[in-house]
Amino acid sequence: MKWITAIIKPFTLDDVREALGEAGVQGMTVTEVKGFGRQRGHTELYRGSEYVVDFLPKLKIELAVSDEQVELAIEAITKAARTGKVGDGKIFVSDLEQVIRIRTQEVDADAL
């Protein structure tokens, strides 16, 4: 089992969610976050004054998938979230040691 964390641009969420559904992923957690990478923020004008926006709005998607679904999920996120511009985001994949469904106490792949 793997834990996938993806940081994406907010406007790509609907496409990513649809692509993951088509790939067979049944659930995810989405969190609004702020951050920056190589783009280092940007400059904006507000009432004639220029100011720097260091932390840009992003979404963090977290999902647990079986080993068989990992490549499909990564491909789905990549295709749906890619604009070809700086700041498209990143995908992190980690090993997931154990999953327990609280309601039924199912474990591991059965709990996904």
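The notes below deal with the structure included here. Since the model is a prediction, treat every value here as computed from it, not as a measurement. (Residues numbered from 1 in each chain as written. Predicted model: local features only at pLDDT ≥ 70, side-chain atom pairs only at ≥ 80, totals over all residues. Heavy atoms only, no water.)

**Remarks on the overall build of the chain**
Here is step 1 of the chain: Along its length, the chain carries two helices and six strands.
Here is step 2 of the chain: Ordering the α and β elements of the chain from the N terminus gives β-α-β-β-β-β-α-β.
Here is step 3 of the chain: A compact globule built from 112 residues should have a C-alpha radius of gyration of about 13 Å, whereas the chain, at 17 Å, is more than 25% larger.
Here is step 4 of the chain: Taking the principal axes of its C-alpha atoms as reference, the chain extends roughly 60 × 25 × 20 Å. (Helix = DSSP H or I, 4+ residues; strand = E, 2+ residues; numbered from the N terminus. Rg over C-alpha atoms; globule rule 2.2 N^0.38 Å.)

**Considerations on unusual backbone geometry**
Here is step 1 of the chain: A positive phi angle is found at glutamine 105, which is not glycine, with a value near 65°.
Here is step 2 of the chain: Turning to its location among the elements, glutamine 105 is positioned in the segment after strand S6 (89-95).
Here is step 3 of the chain: On the accessibility criterion, glutamine 105 (63% relative accessible area) is exposed.
Here is step 4 of the chain: Although it is not a glycine, aspartate 108 sits at a positive phi angle of roughly 50°.
Here is step 5 of the chain: Within the secondary structure, aspartate 108 is located in the segment after S6. (Buried < 20%, exposed > 50% of the residue type's maximum accessible area, 1.4 Å probe, protein only.)

**Some thoughts on helix H1 (residues 13-22)**
Here is step 1 of the chain: Within the span of H1, buried status applies to Val16, Ala19 and Leu20. Burial along H1 is one-sided: seen end-on, the buried residues are contained in an arc of 100°. Every exposed residue of H1 that faces more than 90 degrees away from the buried side is listed here: Arg17, Glu18 and Glu22.
Here is step 2 of the chain: Glycine 24 sits one or two positions beyond H1 and adopts a positive phi of about 95°. (Arc of directions from axis to C-beta.)

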